[in-house]
Amino acid sequence: MMNGLIVLGTASDSGKSMICTALCRILADEQVQVAPFKSQNLSPFTVTLENGIEISRAQYIQALAARTKPTLYMNPIMLKPSSPMHTEVSILGGHFGVRDGFAYRDMFFDQAVGAIRHSLKKLSEKYETVIIEGAGSPAEVNLNDREVVNMRVAEMADVPALLLADIDRGGAIASIVGTLQLLAPEHRARVKGIIVNKFHGDIAFFQDGIEFIESYTGIPVVGVIPFKEDHGIEEEDMDRPVSNSPAHIDRYDAWAEHVKCHLNWPLVKEIIAQGVSR
């Protein structure tokens, strides 16, 4: 079993990459050797490493937050869109041309699984803890037979999960309950905590919502994170420039402090330490 956790979302753009960024910095501040990981990223935004290999901008940023050197193993599969239906496929730095979604799923599944296993092994040999970012939603039942981004990765790493919902969209409670309901029992058992993200207003008004979620699901709400627009960090698929933080402020420190203040951090650390058995 790897020491770490996976952050899953009830939907795309729920804030998984930003929460993972905060967790990486919080752990690094506690002198934990931590690395980010996302098995497969579909994004036009990449960063080229010293060896000429591209990884997702999100994992590059998370590595900086973790105060460690970004490597290929943090994002072994990179899918770079070239058109609405086609992507450029790179696996462990090898380029496999432009493919459509069906061809990729059919041709590269076994290779993708192998690359993920290899990368997780490499990270586990060097780091104490790995913070894994999922993709989209783990409840896309039509994709489960060949998904390589959520519960299959959680099983490979054998880590617990936090489930993240974006309350800014509305319907957060339904999305949490629905996601958990659609997970297989063994996958649902991995979910040890729930985070409600992008909250506006007074959190005290959401206390009834927290109590309902916990009583209905039996899973603790480990955080309600207020919306913060001026964090100064490029989000995963953001194509607009971000405002720079003042020179005396470390944007990763400021973001991590914001998240930690609204997180039951002792409980999250306990979840990481105890793993799936908790």
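Scroll up for the structure.
Computed from a predicted structure; not experimentally measured. (Residues numbered from 1 in each chain as written. Predicted model: local features only at pLDDT ≥ 70, side-chain atom pairs only at ≥ 80, totals over all residues. Heavy atoms only, no water.)

Caption draft 1: Geometry of the overall build of the protein. Summing up its helical and strand segments, the protein has nine helices and 12 strands in all. Computed over the C-alpha atoms, the radius of gyration of the protein is 18 Å, within 12% of the 19 Å expected from 2.2 N^0.38 for a compact globule of 278 residues. Dimensions of the protein, computed from the C-alpha atoms along their principal axes, are close to 50 × 50 × 35 Å. Across the 278 residues of the protein, 51% fall into the buried class. Here the contacts in the protein between residues at least 6 apart in sequence split such that 72% fall between residues at least 24 apart. Counting every atom, the protein has about 12,600 Å² of accessible surface; 51% of that belongs to carbon and sulfur. Between the mean site of the 26 positive side-chain charges and the mean site of the 35 negative ones, the protein shows a separation of 5 Å. (Helix = DSSP H or I, 4+ residues; strand = E, 2+ residues; numbered from the N terminus. Rg over C-alpha atoms; globule rule 2.2 N^0.38 Å. Buried < 20%, exposed > 50% of the residue type's maximum accessible area, 1.4 Å probe, protein only. Contact = heavy atoms within 4.5 Å. Areas by Shrake-Rupley, 256 points an atom, 1.4 Å probe, with all protein chains shown as cover. Lys, Arg positive; Asp, Glu negative; His and termini not counted. Charge placed at Lys NZ, Arg CZ, Asp CG, Glu CD.)

Caption draft 2: A look at the environment of Ile194. Along the polypeptide, Ile194 turns up in strand β11 (residues 191-199). The sequence separation of Ile194 and Gly223 amounts to 29 residues, and the corresponding C-alpha distance is 7.1 Å. If we ignore the near neighbours within four places in the chain, the residues touching Ile194 are Leu163, Ile176, Leu180, Ile213, Thr217, Ile219, Pro220, Val221, Val222 and Gly223.

Caption draft 3: Molecular detail of the packing of helix α5 (residues 172-182) against helix α7 (residues 207-217). Remark: α5 packs on α7, axes separated minimally by 11 Å, with the N-to-C direction vectors making an angle of 10°. In this view, α5 runs roughly parallel relative to α7, as classed from their interaxial angle. Every residue of α7 that contacts α5 at Ile173, Ile176, Val177 and Leu180 is listed here: Gly209, Phe212, Ile213, Tyr216 and Thr217. Considered class by class, the residues forming the contact of α5 with α7 number seven nonpolar, two polar and no charged. (Axes fitted to C-alpha atoms, helices over the stretch in contact; angles between N-to-C directions. Parallel < 35°, antiparallel > 145°, perpendicular 65-115°, else oblique. Nonpolar A, V, L, I, M, F, W, Y, C, P; charged D, E, K, R; others polar.)

Caption draft 4: A look at the sheet that holds strand β6 (residues 77-83). Spatially, β3-β6-β7-β8 is the arrangement adopted by the four strands of the open sheet, whose pairing is mixed. Because the sheet does not close on itself, it has two edges, and the strands there are β3 (40-42) and β8 (94-100). Taken pair by pair, the neighbouring strands of this sheet meet at an average axis angle of 20°, ignoring direction. Strand direction decides the pairing type here: β6 and strand β7 (residues 86-91), joined by six bridges, are antiparallel. Within β7, the position partnered with Ser83 by the bridge is His86. (Pairing = 2+ DSSP bridges.)

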